[in-house]
Amino acid sequence: MTTTETPRFVRADGPDKVTGSGRYAADLTLTGMLTAKFLYAGVSHARITKLDVTAAKKVPGVLAVLNQADVPLVRFGSVADRTLFAHEVIRFEGEVVAAVAAIDAATAQKALDAIVFEYEELPVVNDIEAAAQPDSLLVHENWEDYAADDDVSRQGNIASFTSIARGDVETTLATADHVISSRYVADASHAVPIEPRGVVAQWEGDKLTVWSSTQVPFQARDGVCETLELPTNKVRIVVPHLGGGFGGKCGFHYEAHIAALARATRRPVRLVFSREEEFLAPDRRREGMIVEITSGLRHDGVIVARKARILLDNGAYSSDASFFPHMAVMHALGPYKIDHVYGEASSIYTNHQPSGSVRAPTAPQACWALESHTDELAKAVGMDPVAFRQLNTVDTGATGVTGQIYEEIGLQECIREAVAASAYHEDLGDDEAVGVAVGWWPSFPDASGAYIKVDSDGKGVIITGAQECGTGAVMTLPYLAAAELGMAPEDFEIVYQDTSAAPYDTGATGSQTLLNNGRATVEAAREIALQLKKLAAEELEASPEDIVLADGMASVVGSPDSSISIVDLAGIAADGEMLLGRGSGSPPESPTTPKTVSCVGDQGMNAWAGPQFSCHAVRIRLDRETGVVRVLEVNTAHDSGVIVNRVGASGQVEGGVLMGIGQALTERTVYGDDAKQKNAGLLEYKLQTMADAPPITIHFAEVYTPDMGPNGSKPIAEAPNVATAAAISNAIAKLVGRPVRLLPMTAERVWETLQDERA
Amino acid sequence: MSLAIANSIDDVLTALAGGARPIAGGTDLVVGARQGKSPLPESLIAIDRVPALSTIEQTDGHVRIGAGVTHSRLMSDPLLVERYTGLADAAALIGSPSTRNVGTIGGNVMNASPAMDTGAPLMTLGAIAELRSVSHTRQLALSDLWTGPGQTSANPDELCVCIVIPQTPAYSGSAYVRLEYRRAMEIAVVGAAASVVLTEDGTIASGRLAMTAVAPTIVELVGASEAMTGMAAVDAADVIASLASDQAVPISDLRGSDRYRRHTIGVMAARALDAAARRAGGERIGVPVNRNLGIGAAR
């Protein structure tokens, strides 16, 4: 495999962040700025009987109090089931009932206290299995009135349903040598970015600027335009430094609320969330899930058929979660060679906080269920779990569960290398075990744009719509531009995350930044390269095709003495035809759904563009008397194509693994009987800390992937979060004697499973 | 709100008599206020710059640990690590390095959380709290000081100036062990401390155990010494585990069910006894024992 090393990688935003000089949304101060606060419902399901803000408006120092009556009644979301403020019915505790702008936080709080908000409580829908029953109380009585994409299949509390069928599952299961069924249940969890979100809005005439800690500025802009009924060129979203997102800051959140307050008060307005608000209010949390999988096997260990049924907790509104059932089915069927499959998944409305994209949505939980089930299968036929996977998982040229035939992929290399780096075949200490799991994740080709200009001194600026959420993807763009132009990465500054300055990009979502904006940046750089070559050809009396750009010079090929510096060329260009490049390129084509598959509620997930594969091996130690599990080492291998930025990619793997350990062992959101969160804070929602981080080894299976990302690359940001919990589960099961069927596999749950095993 | 900075204990006592509340590291007070637990007091007196509160002194038969001594010092002070090791174990588990750099023993003791880490080892070491006001000084056993979760029998005008611990005898050792789900920023699910004195033949001459997060306050294990005297520690483990599980009155909350806590307090008690006895026997087990033996001090 070829390796493209980034010799060194200095993040342009690094010094600001580590020295504290970087400015985040909450750091912004504008003259006359007001403080915003929200009144939340604080009840999970209720009909509003009275909302009177008269007294609140009279509190001295309060300049505006708004509710749904003050903004257009626009429903939005992937199923259009949401309004900016609560409208008639409350469906989860974090719903915004009213928003206040006041001279300071204490005054804003006084106004909130003065709002008369009365409601009639309704029974809560708190359990997805009960909610899936046809006679269940409906979270949305008028669900049929909501607009949705024609492909979204809905019914009652089922906000989105998908099924995938290929071959003949029932007949094949009936004749299989072994049939194993498993059921796994995962709790909801959270993204928990270190920076609670901030939003600042200011109007100048009819033009609005919003500074927001969003991962997706263009989606935020579109949300403002949709809900406040504004044209896109009147709304500018700027993102200062973003303090992490992990999907929690995808989507459109509170930009329109604060814009409406700023318009009503004719003053700039700032909202900054507390940690508790960050847990309770946004429509982004990792969905709870119930996964049931049945597989049929031959005596020799070949999987012949598989069916899966999944229920997902959609929460009260649909956010961006309509595609989750389709994604979850793919993860429950897995990267295996099985000709007879049936999977179905329903995302169920409940009175919980809405689910939305959190790093690799649906994948860690569904992979955990499938890969734990896979070890059960291996055990049933007496095979080594690694050998079992090598027998049954896809390889180059193989046909996957939906009939997609894979071009060159590195899953087998991943399995081989992750296991080889681990202690899988070694003698282990007491109460230690190594668990292994495989995972996969798609790439998302999409439109994306960038400009580049090179000014008279030969210094460049990349002006990109892409959003840096901390991964370093945007910070890698100068390396790509520099490589095209024979310049140094340090020659480029980046203007980014500003919707009015730069062309469109989807944002820091779906691991797509380097895949799509990398392509755009390379395209833009190539335009400038052509200009430079043309200029150099004139100066050197050669043909443009014979000019090479390297080491800051334009030279005639074969005549190194005949050259001119790019700085000189830039000076010449500045007086005439300027060095301006623009790029978007054509997004790679997504494979079409194979004809052998029938699919209800198709959300475009049957066949994956640029599929990424991974294998994680995790060594743990179990304290048998308490159930406490400690992760001792994680050995990872990833096929994310050719690696463009090794430092950045490794950082993604390390972060994904640590997030995965948290999901495996400690991170869970607990709901009370009232459907409210019981642990909306960092004291009782247990993240992993640096003190818990184990040694992590990384192998990149650098399969050159044509027609995908720059240099034959595929994305990397979400994939490392897929298989860690699954591998930990398999290690625990080896020591306990059976899997722990609840996620996270908390110490108490492990201990209870040990008691069951002994009994 | 007003904040004054004291230079001497007398400054502090005068301020307390005037209704001020003391603040040292602020790791409970400020964090609690930010979480909305209870607002900051109207009047605060900062005690972290009072030199007399941050000394560790060996006196006749005792060690006096100033209330302002930080957890970072408790976990690394050579005398405490050598002779009062259980206390050092506990201090080393508190919060994060930054919590330990500003949080103090006086704050931990007077905050009176049933999940506090220094409480159980202090109790097994026979520590007493010295409280002082403008008018008097009194010494109080910890079991008399802690009256409920977050509640003490100290008067509002009294300052805890130091913790006094009797000198430990030869052939003695102590340890604190806690059940934790992660290795930093953790609060005890349950915890147990043990102090033991061995006879020359290695059997237990006397000992005390105390338990964390299984009752409204830190509680001492009743009858522990009688139950294990004359036994080798390894043989006493089961007896002590049962005693601990029997005497615990844990609640169910997000950190663990009562059933799980009742079981694990026994495990922690046995492990604390094991580590304390090994230390009493001369074995060097680094601080904190939680990290230097297996998970949660498992053997």
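Residues numbered from 1 in each chain as written. Chains lettered and ligands numbered in written order. Predicted model: local features only at pLDDT ≥ 70, side-chain atom pairs only at ≥ 80, totals over all residues. Heavy atoms only, no water.

(A) Just helix H9 (residues 324-333) of chain A, in detail. Burial within H9 of chain A is extensive, with ten of its ten residues counted as buried. Gly 334 of chain A, located one to two residues past H9 of chain A, shows a positive phi value of around 85°. (Buried < 20%, exposed > 50% of the residue type's maximum accessible area, 1.4 Å probe, protein only. Helix = DSSP H or I, 4+ residues; strand = E, 2+ residues; numbered from the N terminus.)

(B) Layout of the packing of aromatic side chains. Residue and element names in this part refer to chain A. This model, assessed by the stated rule, comprises 17 aromatic pairs over all chains. Above the face of the Tyr 336 ring, Arg 306 is positioned so that its terminal group lies 5.1 Å from the ring centre. In this structure, Arg 741 packs its charged tip against the face of Tyr 184, placed 5.2 Å from the ring centre. (Phe/Tyr/Trp six-rings, centres within 6.5 Å; stacked < 30°, edge-to-face > 60°. Lys NZ or Arg CZ within 6 Å of the ring centre and 35° of its normal.)

(C) Highlighting the packing of helix H6 (residues 217-228) of chain A against helix H7 (residues 255-265) of chain A. All names here are of chain A. The contact between H6 and H7 brings their axes to 9 Å, and the two run at 55°. One element, H6, and the other, H7, form an angle in the oblique class. The way H6 lies across H7 gives a crossing that is right-handed. Residues Ala 220, Val 224, Thr 227 and Leu 228 of H6 form the contact with H7, whose own contacting residues are Glu 255, Ala 256, Ala 259, Ala 260 and Arg 263. Across the contact of H6 with H7, the residue classes break down as six nonpolar, one polar and two charged. (Axes fitted to C-alpha atoms, helices over the stretch in contact; angles between N-to-C directions. Parallel < 35°, antiparallel > 145°, perpendicular 65-115°, else oblique. Left-handed = near helix turned anticlockwise from the far one by under 90°. Contact = heavy atoms within 4.5 Å. Nonpolar A, V, L, I, M, F, W, Y, C, P; charged D, E, K, R; others polar.)

(D) Quick look at unusual backbone geometry. Residue and element names in this part refer to chain A. Between Leu 743 and the following residue, Pro 744, the backbone shows a cis peptide bond with an omega angle of 0°. Tracing the backbone through its elements, the reader meets Pro 744 in the loop between strand E29 (742-743) and helix H18 (747-758). Even without being a glycine, Arg 266 presents a positive backbone phi close to 55°. Examined against the element boundaries, Arg 266 turns out to sit in the loop between H7 and strand E13 (269-272). Using a relative accessible area of 78% as the deciding quantity, one classes Arg 266 as exposed. Located in the positive-phi region is Asp 431, a residue other than glycine, with phi close to 60°. Residue position: Asp 431 is located in the loop between helix H12 (411-421) and strand E17 (432-443). Judged by its relative accessible area of 30%, Asp 431 falls in the partly exposed class.

(E) Representation of the interface of chain B and chain A in the model. Between chain B and chain A, the contact holds 21 residues from the first and 25 residues from the second. Taking both partners together, chain B and chain A bury about 2,100 Å²; carbon and sulfur atoms supply 58% of that area. The interface formed by chain B and chain A includes five salt bridges. For Asp 623 of chain A, the salt bridge is made with Arg 271 of chain B, and the minimal N-O distance between the two is 2.7 Å. At the junction of chain B with chain A, the criterion picks out eleven residue pairs in polar contact (both at pLDDT 80 or more). Counting residues per element, the side of chain B that touches chain A draws most heavily on helix H12 (residues 258-280) of chain B, which supplies seven residues. Looking at the side of chain B that touches chain A residue by residue, the classes come out as ten nonpolar, four polar and seven charged. (Buried area = accessible area lost by both parts, 1.4 Å probe. Salt bridge = Lys/Arg side-chain N within 4 Å of Asp/Glu carboxyl O. Polar contact = N/O pair within 3.5 Å; in protein donor to acceptor, adjacent residues only side chain to side chain.)

(F) Local environment of the pattern of salt bridges. Residue and element names in this part refer to chain A. Counted according to the given criterion, the structure contains 54 salt bridges over all chains. Salt-bridge contacts for Arg 619 lead to Glu 432; the nearest nitrogen and oxygen are separated by 2.9 Å. Of the two residues, Arg 619 sits in strand E26 (residues 609-622) while Glu 432 sits in strand E17, which places them 187 residues apart along the sequence. Grouping residues by exposure puts Arg 619 and Glu 432 together as buried.

(G) Geometry of a nonpolar patch on the surface. The grouping of Met 1, Leu 3, Leu 29 and Leu 40 of chain B at the surface amounts to a nonpolar patch, some 370 Å² of accessible area in total. Along the chain, the position of Leu 29 of chain B falls in helix H2 (residues 29-34). (Patch = residues over 30% accessible without salt bridge, like charges linked within 9 Å, V, L, I, M, F, W, Y side chains within 5 Å. Areas by Shrake-Rupley, 256 points an atom, 1.4 Å probe, with all protein chains shown as cover.)

(H) Spotlight on the sheet that holds strand E10 (residues 198-204) of chain A. Residue and element names in this part refer to chain A. The strand order across the open sheet built from seven strands is E3-E5-E1-E13-E10-E11-E12, with neighbouring strands paired in mixed fashion. Edge positions in the sheet fall to strand E3 (62-66) and strand E12 (235-238), since each has one partner strand and no second. Each strand axis lies, on average, 20° off the axis of its neighbour in the sheet, ignoring direction. Where strand E1 (residues 34-40) meets E13, two bridges bridge the pair, whose relative direction is parallel. In the strand pairing of E13, Thr 35 is matched with Arg 270. Across the sheet, H6 touches strand E11 (207-212) and E12, and the angle it forms with E12 is around 145°. Along the sheet face, H7 touches E1, E3, strand E5 (96-102), E10, E11, E12 and E13 and points at about 40° away from the line of E10. (Pairing = 2+ DSSP bridges.)

(I) A look at the domain arrangement of chain A. All names here are of chain A. The domain architecture assigned to chain A consists of domain 1 (14-122 + 197-272), domain 2 (355-444 + 606-758) and domain 3 (450-583). Domain 1 and domain 2 are separated by 37 Å when their C-alpha centres are compared. Facing six residues of domain 1, the contacting portion of domain 2 comprises eight residues. On the domain 1 side of the contact with domain 2, Ser 44, Glu 93 and Phe 246 bury the most area, a combined 73% of that side's loss. If you look at where domain 1 meets domain 2, you find zero salt bridges. Seen at the junction of domain 1 and domain 2, the total is five residue pairs in polar contact (both at pLDDT 80 or more). Residues of the side of domain 1 that touches domain 2, tallied by class, amount to one nonpolar, four polar and one charged. (Domains from an automatic or database assignment.)

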